[in-house]
Amino acid sequence: MLDRFRHPLAAVAAALLLTVPFVATFVSYGGYMTIHPGENIAPGTAVVVAGLAVLGAAFLLAWGAETAEKDVPRAFAIAVLAVLAVAPEYAVDALYAWNAGAFEGTAQGMANANLAVANMTGANRILIGLGWAGIALFTVYRARNADDPAVDHRSGFLKSAVTLDRDLALEISFLLAATLFAFLVPLSGTTFSGGGPIGGIGLLDTLVLVGLYVLYIAIIIRGDVEEGEEHVGVPAYLQSWSKGPRIASVLALFTYSGVLIFIAVEPFAVGLEQLGLQYGIPEFFMIQWLAPLASESPELIVVAYLVNKARSTAGFNALISSKLNQWTLLIGTLAVVYSIAAGHLGGLPFDEKQVAEIWITAAQSLFAIALLTNFEISMREAIGLLVLFVSQVGIEFAIIQTVAEPQATTLSINILYVYTAIYLVLGAWLFYTRRDALADLLGRTTTIAREAVGSGSTQPERAD
């Protein structure tokens, strides 16, 4: 009897059971747009049932991506996983961008445009400040009691490090290119009003950023299907199937988990926001931090699952791929959604506060990339990322809770610029001291791209 519960399909059934309460709630309320936490469903109930659904769907998504590695390049499977896992973030930002375009030229339209940028920058900073840092620390912690070839145990206080696969050079380099361009985004169509800069995400930004992501996908999809790591559990079982049923299982797992994550995260996030309002947390703060934290949860669950299976390389690949698609596709599509809603070609505007938010997000990204130029991240570096992120958010929260407007916004902007400077100084210092590693990183990227363009299918192994 117990052997039946050890069967891989029992794990799939358990993950599906986690989604049943939300599916039942979804059906009983008549669909996605009729679930309103705080109105026809209690916020606490929405958080529980939607949160369980996100958890179950995250496992299904991870199993689908691992199974797919038998038929497509691992980097491409991880890229698909990353897009599906952060799809709710796209939906939230698209809604704000649409409302900004629909109410163009009004205070309501500008407010929604600012919320779109705030939500986007919050999601990106959470992914690095909590995601990269937290997963690195979890990886080292887990390796204390389980073997993980990606963890390099070193003597000395917090010197142990997670080593990354050098094939991640392509993702890191594309993320570096997108980050450098992101510093220019607030300058697109910038004007000055009331002494402060008013920025905008324009269609030129869309062409560059989306173009970068399309180029990245074009390169990785031409790669070989690697033998890869030996899987266990659900992925190993599904990979043993013949090609037709195996591909069908991957598509089913991707479709069900992707759709469920897309529809469940919104009531999960809104439920959290309603609970936050009950405890006096400002709405704008929640939209920038609490809602993105909810929408990033599927990705973080998937990565924690991979790390727990000692697949740290695949986990960090997913984190970096998620950051890349959010830093390119997410930003790039905002201007498109805004233009469609407005009925003409245009750029998504934002105020001085959001100019500072974009710059600190780009600076944090630059610092994080500098940490990875030598293909590792130590516990000290992970803690540094975490402390910088948490301290900035904490200081800003304290300001908006204790200082009245407009002084609160002015102080907040100054804090953002101070942290931007800190990130830039640290990043520049790291790039200088690791200039040989940076040259190696860019060289590997050039080799990968050249092989993809030249051969299309065969990629000789690169030396570590």
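Residues numbered from 1 in each chain as written. Predicted model: local features only at pLDDT ≥ 70, side-chain atom pairs only at ≥ 80, totals over all residues. Heavy atoms only, no water.

- The protein appears in an unreviewed UniProt entry as Sodium/calcium exchanger membrane subunit from Halococcus salifodinae DSM 8989.

## Section: the overall build of the protein
- Along the protein, the regular secondary structure elements total 16 helices and 6 strands.
- Looking at the protein as a whole, 53% of its 464 residues qualify as buried.
- In the protein, the share of contacts with a sequence separation of at least 24, taken over all contacts with a separation of at least 6, comes to 81%.
- Accessible area of the protein: about 19,100 Å², with a carbon and sulfur share of 67%. (Helix = DSSP H or I, 4+ residues; strand = E, 2+ residues; numbered from the N terminus. Buried < 20%, exposed > 50% of the residue type's maximum accessible area, 1.4 Å probe, protein only. Contact = heavy atoms within 4.5 Å. Areas by Shrake-Rupley, 256 points an atom, 1.4 Å probe, with all protein chains shown as cover.)

## A few points about the confidence of the model for the protein
- This prediction gives the protein a mean pLDDT of 83; 89% of its residues lie at or above 70.
- Considering only residues more than four positions removed or in separate chains, one finds that residues 190-197, a stretch of pLDDT under 50, has 12 contacts.
- Counting interchain partners and residues more than four positions distant, the pLDDT-below-50 stretch residues 456-464 has 22 contacts. (pLDDT = per-residue confidence, 0-100.)

## Quick word on the nonpolar core
- Of all hydrophobic cores here, the largest spans 135 residues; its most connected members are Trp 132, Ile 201, Leu 348 and Leu 385.
- Top contributing element to this core by residue count: helix H12 (residues 312-342), with 15 residues. (Core = buried A, V, L, I, M, F, W, Y, C linked by side-chain atoms within 4.5 Å.)

## With respect to a nonpolar patch on the surface
- A surface patch of nonpolar side chains, amounting to about 310 Å² of accessible area, comprises Leu 16, Val 23, Val 27 and Tyr 256.
- Residue contributions to the nonpolar patch peak at 3 residues, all from helix H2 (residues 8-28).
- Tracing the sequence through the fold places Leu 16 in helix H2. (Patch = residues over 30% accessible without salt bridge, like charges linked within 9 Å, V, L, I, M, F, W, Y side chains within 5 Å. Salt bridge = Lys/Arg side-chain N within 4 Å of Asp/Glu carboxyl O.)

## Here's the deal with unusual backbone geometry
- Residue Glu 405 is joined to Pro 406 through a cis peptide bond whose omega torsion reads 0°.
- A positive phi angle, close to 60°, is found at Phe 375, a residue other than glycine.
- Topologically, Phe 375 is positioned in the loop between helix H13 (352-372) and strand S6 (376-378).
- Among the residues examined, Phe 375 registers a relative accessible area of 3% and is labelled buried.

## A look at the packing of helix H6 (residues 107-142) against helix H14 (residues 379-402)
- Following both chains from N to C, one finds H6 and H14 inclined at 145°, their axes separated by 9 Å at the closest point. The interaxial crossing formed by H6 with H14 has left-handed handedness. Between H6, through Arg 125, Ile 126, Ile 128, Gly 129, Leu 130, Trp 132, Ala 133, Ala 136, Leu 137 and Val 140, and H14, the contact on the second element is made entirely by Met 379, Ala 382, Ile 383, Leu 385, Leu 386, Phe 389 and Gln 392.
- Grouping the constituent residues of the contact of H6 with H14 by class yields 14 nonpolar, 2 polar and 1 charged. (Axes fitted to C-alpha atoms, helices over the stretch in contact; angles between N-to-C directions. Left-handed = near helix turned anticlockwise from the far one by under 90°. Nonpolar A, V, L, I, M, F, W, Y, C, P; charged D, E, K, R; others polar.)

## What to know about the pattern of salt bridges
- For the coordinates displayed, the defined rule picks out 9 salt bridges.
- Salt-bridge contacts for Glu 376 lead to Arg 154; the nearest nitrogen and oxygen are separated by 2.7 Å. Linking Glu 376 in strand S6 with Arg 154 in the loop between strand S1 (151-152) and strand S2 (161-163), this pair joins segments that are 222 residues apart in sequence.
- Note on Glu 376: relative accessible area 16%, which makes it buried.
- With a closest N to O distance of 3.0 Å, Lys 353 and Glu 396 form a salt bridge. Taken together, the residues span a long stretch of sequence, with Lys 353 in helix H13 and Glu 396 in helix H14 at a distance of 43 residues. Accessibility assignment for this pair places Lys 353 and Glu 396 in one class, buried.
- In the salt-bridge network here, residues are joined through shared partners; they are Arg 125, Lys 353, Glu 357 and Glu 396.

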